[in-house]
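Summary of structural features
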Amino acid sequence: MKAIIITQPGSPEVLQIVDRPKPAIADNEVLVKVMAAGVNRPDVAQRKGNYPPPAGAPKDIPGLEIAGFITETGSNVQRWKTGDKICALVIGGGYAEFCNMPEGQCLPVPESLSFAEAASLPETFFTVWSNVFDRAKLQPGESLLIHGGSSGIGVAAIQMATAMGSTVYVTAGSEEKCLFCEQLGAAKAINYKTENFSEAILQLTNNKGVDVILDMIGGDYTPLNIKCLADDGRLVMINSMNGKDVQVDLSAVMRKRLNITGSMLRSRDTAFKSAIAKKLEKHIWPLLASGKIKSVIYKIFPANEASKAHQLMESSEHMGKIILNFEDL
Ligand SMILES: NC(=O)c1ccc[n+]([C@@H]2O[C@H](COP(=O)([O-])OP(=O)(O)OC[C@H]3O[C@@H](n4cnc5c(N)ncnc54)[C@H](OP(=O)(O)O)[C@@H]3O)[C@@H](O)[C@H]2O)c1
């Protein structure tokens, strides 16, 4: 098969197409002919050498989500058969013509979605569900602040949280991105380059603050997050792009009874990921089928232009997901 590998840590050009043997499958796994793969910020971090793949992942083929059809099933696979159209969360190896994954991490391609649209879902939808709904326990009627509202994670989180009955606020880096987030359902998008988001949130909530914050930025955002969380608020971290060493006002944590938490999805085991897949299929997949929640794709690149896809992601010009098309590789 053809695969896109990280030839060495470095700039987008280190991504190159090579020939590789098809992956072998375990008894609980399926093999998938990949039609499309999503590009995610962790792929960029891996390419730069800042995010080593966990045990069990291909060491040099990036890619955390794919869509395609099943070509082979392991002897213990119960649900899927050859020819089924699925999308899946994978531990790595998504940038390739074929990819293997445990059957529990597969979901059916939602009705009326293309492979590219289906490939845009798993990494962000699994991450948002597990952090916003499972860890931070966002409830209908509560409010959520999402930093990086126009990111792949952001467009999933805005739609999922509004569909579940929450009021969503976001931050984004331009007026165009703010408008885009509001059109997706955010009650208010704050341009963090021209406004102090913490003050803006307090104003928008009559000084109450928000119940939950989903943060990928960290660094200097942390004291501002603490300031604009409501009593019993929850801060859930999924990255720390502005820095991991931060200042926390512990008296505010105690006074407001805050919870600070976070998680990383990729290294979690199959049982954990399969449990999230079940919840997504129950709560979110019907909303994708009905069109209430949409796949939001900014640009699709042919797979042999993976380096251009990474350049675009690093430019942060995009709004929504970037996809690699493997159909013509
Ligand atoms: N913990 C987990 O399990 C997990 C899983 C998946 C993703 N993540 C994390 O979630 C984040 C979003 O991922 P994604 O794939 O959705 O990324 P993405 O689409 O590339 O979005 C990232 C956005 O963040 C904003 N941003 C603000 N400050 C930034 C900074 N210092 N550096 C870079 N971008 C900055 C940019 O938009 P503006 O113009 O608005 O600044 C950018 O478009 C990433 O940090 C990723 O590592 C975590």
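We now turn to the structure provided with this report. Keep in mind that this is a model prediction, so the values were computed, not measured. Numbering of residues starts from 1 in every chain and runs along the sequence as written. Selection of residues for local features in this predicted model requires a pLDDT of at least 70, selection of side-chain atom pairs for listing and counting requires 80 or more, and totals for whole chains, interfaces and linings are taken over all residues. Values shown for side chains rest on all heavy atoms present in the structure; no hydrogens or waters enter the calculation.

1. Quick notes on the nonpolar core
Core analysis: the largest hydrophobic core is formed by 76 residues, its most contacted members being Phe125, Leu144, Met160, Leu214, Leu280 and Ile284. Only DSSP runs of H or I covering at least 4 residues are called helices, and only runs of E covering at least 2 are called strands; the numbering of each starts at the N terminus. Per-element accounting of this core gives the leading share, eight residues, to helix α4 (residues 152-163). Both domains that furnish three or more residues to this core are identified here as domain 1 (2-121 + 266-325) and domain 2 (125-262). With sequence-adjacent residues up to four places away left out, Leu280 is seen in contact with Leu107, Phe125, Phe126, Trp129, Met160 and Trp285. Grouped together as the second largest cluster of nonpolar side chains are 37 residues, Ala3, Ile4, Val32 and Phe98 included. Note on terminology: a nonpolar core comprises buried Ala, Val, Leu, Ile, Met, Phe, Trp, Tyr and Cys residues joined through side-chain atoms within 4.5 Å. Note on exposure labels: buried denotes an accessible area under 20% of the residue type's maximum, exposed denotes more than 50%, and partly exposed covers the range between, all computed with a 1.4 Å probe on protein chains only. The source of the domain bounds is an automatic or database domain assignment. Here, residues are in contact when the closest pair of their heavy atoms is within 4.5 Å.

2. What about the site of the ligand?
We call a residue near a molecule or strand whenever a single non-hydrogen atom of that residue lies within 4 Å of it. Surrounding the ligand, one finds 24 residues, the nearest of these being Arg41, Ile153, Lys177, Tyr192 and His318. Between Tyr192 and the ligand, the recorded distance is 2.4 Å, taken from a side-chain N or O atom to an oxygen atom. In protein, a polar contact requires one atom able to donate a hydrogen and another able to accept it; more generally it is a pair of N or O atoms within 3.5 Å, and residues adjacent in sequence count only if both atoms are side-chain atoms. In the environment of the ligand, a nitrogen atom lies 2.9 Å from a nitrogen or oxygen atom belonging to the side chain of Asn242. When the ligand is considered free in solution it has 920 Å² of accessible area, and contact with the protein chains removes 88% of it. Listing elements by their share of the shell around the ligand, those giving two or more residues are α1 (41-47), α3 (122-135) and α4. Classes in brief: Ala, Val, Leu, Ile, Met, Phe, Trp, Tyr, Cys and Pro nonpolar; Asp, Glu, Lys and Arg charged; the others, Gly included, polar. Residue classes in the shell around the ligand are distributed as 11 nonpolar, 10 polar and three charged. Built from parts of two domains, the shell around the ligand gets at least three residues from each of domain 1 (2-121 + 266-325) and domain 2 (125-262). Values of accessible area rely on a 1.4 Å probe in the Shrake-Rupley scheme; residue burial ignores everything except the protein chains shown.

3. Comments concerning the pattern of salt bridges
Think of a salt bridge as a Lys or Arg side-chain nitrogen and an Asp or Glu carboxyl oxygen that are within 4 Å of each other. Tallying each qualifying case throughout the model produces 14 salt bridges. The salt bridge involving Glu314 is made with Arg47; its shortest N-O contact spans 2.8 Å. Placement of Glu314 in helix α11 (residues 306-315) and of Arg47 in helix α1 is noted, with a sequence separation of 267 residues between them. A relative accessible area of 1% means that Arg47 is categorised as buried. Notably, a salt bridge pairs Glu314 with Lys48, separated by 3.2 Å at the nearest N-O pair. Here Lys48 lies in the loop between α1 and β4 (65-73) and Glu314 lies in helix α11, a separation of 266 residues in the sequence.

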